[in-house]
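The lines below spell out each chain.
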Amino acid sequence: MASVLVVEDDQFVRSALIRQLTEASHTVRSVGTALEALREVAQIGFDVVILDLGLPDLDGAEALKMLRGLTDVPVIVATARDDEGEIVRLLNDGADDYLVKPFSVAHLSARMTAVLRRVRGGGAGEPGGVAAPPAVLRVGGLAVDPLRRQAQLDGVTLDLTRREFDLLAYLAGRPGVVVPRRELLAEVWRQAYGDDQTIDVHLSWLRRKLGETAARPRYLHTLRGVGVKLEPPAEPT
């Protein structure tokens, strides 16, 4: 069960989502404008936000940016827009996932479950129910602490989104290993299938924060058609 904020101005769609999510044992609140959504998120803690883009007072894409200034709560964008460029921009602005309308509540629930599993941590603990604290992962000048969800590069703390951290930590746990894109989708995004563009967008964010580019990689190396690997920079010759 999750606490959900539905941000949707279409009363018919909104009522249907509230009814069906409630029937699925979720606790649901709803608003019809971006400003109301910002007020709700600032005052109440939610597990996930379902955000429509066609809001009457503010475009949902702008509302997403403002939400990210307030909280790191998972946001699933619900949109009738299927333009790839717009979807990439939404992911770039901090959306955790997106669904193109029309969609079923069963599909939405599956996406919510995947997002919440990733946020809450879905791994099993050690015997007795107590998980052993993960060691700090070190790759060159990178130090990734899965327990505290912190990452540093050459002693400087990196400002990472949840998804960026999850991707970096997964790769840091396999230094020098080429990780297939399908594995990244399954283990980081908890999706059996998806768009490679999603991975590319997050890799692009990470590269900027690691001070590198795809053309001049230091830590993150993409093998076209194969996967991605994280390894320490080569020693200068």
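The shown structure was predicted, so the numbers you read here are calculated from the model rather than taken from an experiment.

Asker: Please explain the sheet that holds strand β2 (residues 27–31) as it appears in this structure.
Answerer: The pairing of strands in a sheet happens through backbone hydrogen bonds and is either parallel or antiparallel. Taken in spatial order, the 5 strands of this open sheet run β2-β1-β3-β4-β5, and their pairing is parallel. Only two strands of the sheet have a single neighbouring strand rather than two, namely β2 and β5 (97–100). When strand polarity is set aside, the average angle formed by the axes of neighbouring strands in this sheet is 20°. Looking at chain direction, strand β4 (residues 75–79) and β5 are connected through 4 bridges and run parallel. Across the sheet, residue I76 finds its bridge partner in β5, namely D97. Across the sheet, helix α1 (residues 11–23) lies against β1 (3–7) and β2, angled at about 170° from β2, the strand it touches most. On top of the sheet, helix α3 (residues 60–70) reaches β3 (48–52) and β4; it is set at about 155° to β3, its chief contact.

Asker: So what exactly am I meant to see when it comes to helix α6 (residues 162–172) here?
Answerer: Since the α-helix packs 3.6 residues into each turn, any two residues three or four apart lie on the same face. Where burial is concerned, most of α6 is hidden: 11 out of the 11 residues are buried. For α6, every residue scored as buried is listed here: R162, R163, E164, F165, D166, L167, L168, A169, Y170, L171 and A172.

Asker: It is not clear to me how the sheet that holds strand β8 (residues 150–153) should be interpreted in this structure. Could you clarify?
Answerer: Reading across from one edge, β6-β7-β8-β9 is the order of the 4 strands in this open sheet, with antiparallel pairing throughout. Sheet topology places β6 (137–139) and β9 (156–157) at the edges, where each strand pairs with a single neighbour. Sheet analysis places β8 next to β9, joined by 2 bridges and oriented antiparallel. Each residue of the ladder has a partner; that of L153, found in β9, is V156.

Asker: In this structure, what is going on with the packing of aromatic side chains? I would like to understand it.
Answerer: Each pair of aromatic rings is reported with the distance of its centres and the angle of its planes. Per the counting criterion, the structure on display carries 0 aromatic pairs. The side chain of R174 reaches across the aromatic face of Y170, ending 3.5 Å from its centre.

Asker: Honestly, the pairing of β3 in this entry has me stumped. Any pointers?
Answerer: Side-chain direction in a regular strand flips from residue to residue, so the side chains alternate between the two faces of the sheet. Summarising burial for β3: 5 of the 5 residues are buried, a large majority. Going residue by residue along β3, you find V48, I50 and D52 tucked away on one face and V49 and L51 tucked away on the opposite face as well. Pairing of β3 with β4 involves 4 bridges; the strand directions are parallel. For I50, the partnering residue across the bridge sits in β4 and is I76. For the crossover from β3 across α3 to β4, the handedness is right-handed.

Cut-off values and rules
Residues numbered from 1 in each chain as written. Predicted model: local features only at pLDDT ≥ 70, side-chain atom pairs only at ≥ 80, totals over all residues. Heavy atoms only, no water. Pairing = 2+ DSSP bridges. Helix = DSSP H or I, 4+ residues; strand = E, 2+ residues; numbered from the N terminus. Axes fitted to C-alpha atoms, helices over the stretch in contact; angles between N-to-C directions. Contact = heavy atoms within 4.5 Å. Buried < 20%, exposed > 50% of the residue type's maximum accessible area, 1.4 Å probe, protein only. Phe/Tyr/Trp six-rings, centres within 6.5 Å; stacked < 30°, edge-to-face > 60°. Lys NZ or Arg CZ within 6 Å of the ring centre and 35° of its normal. Right-handed = clockwise from strand over helix to strand, strands pointing away.

Honestly, that's just the spatial picture; any functional story needs more than this.
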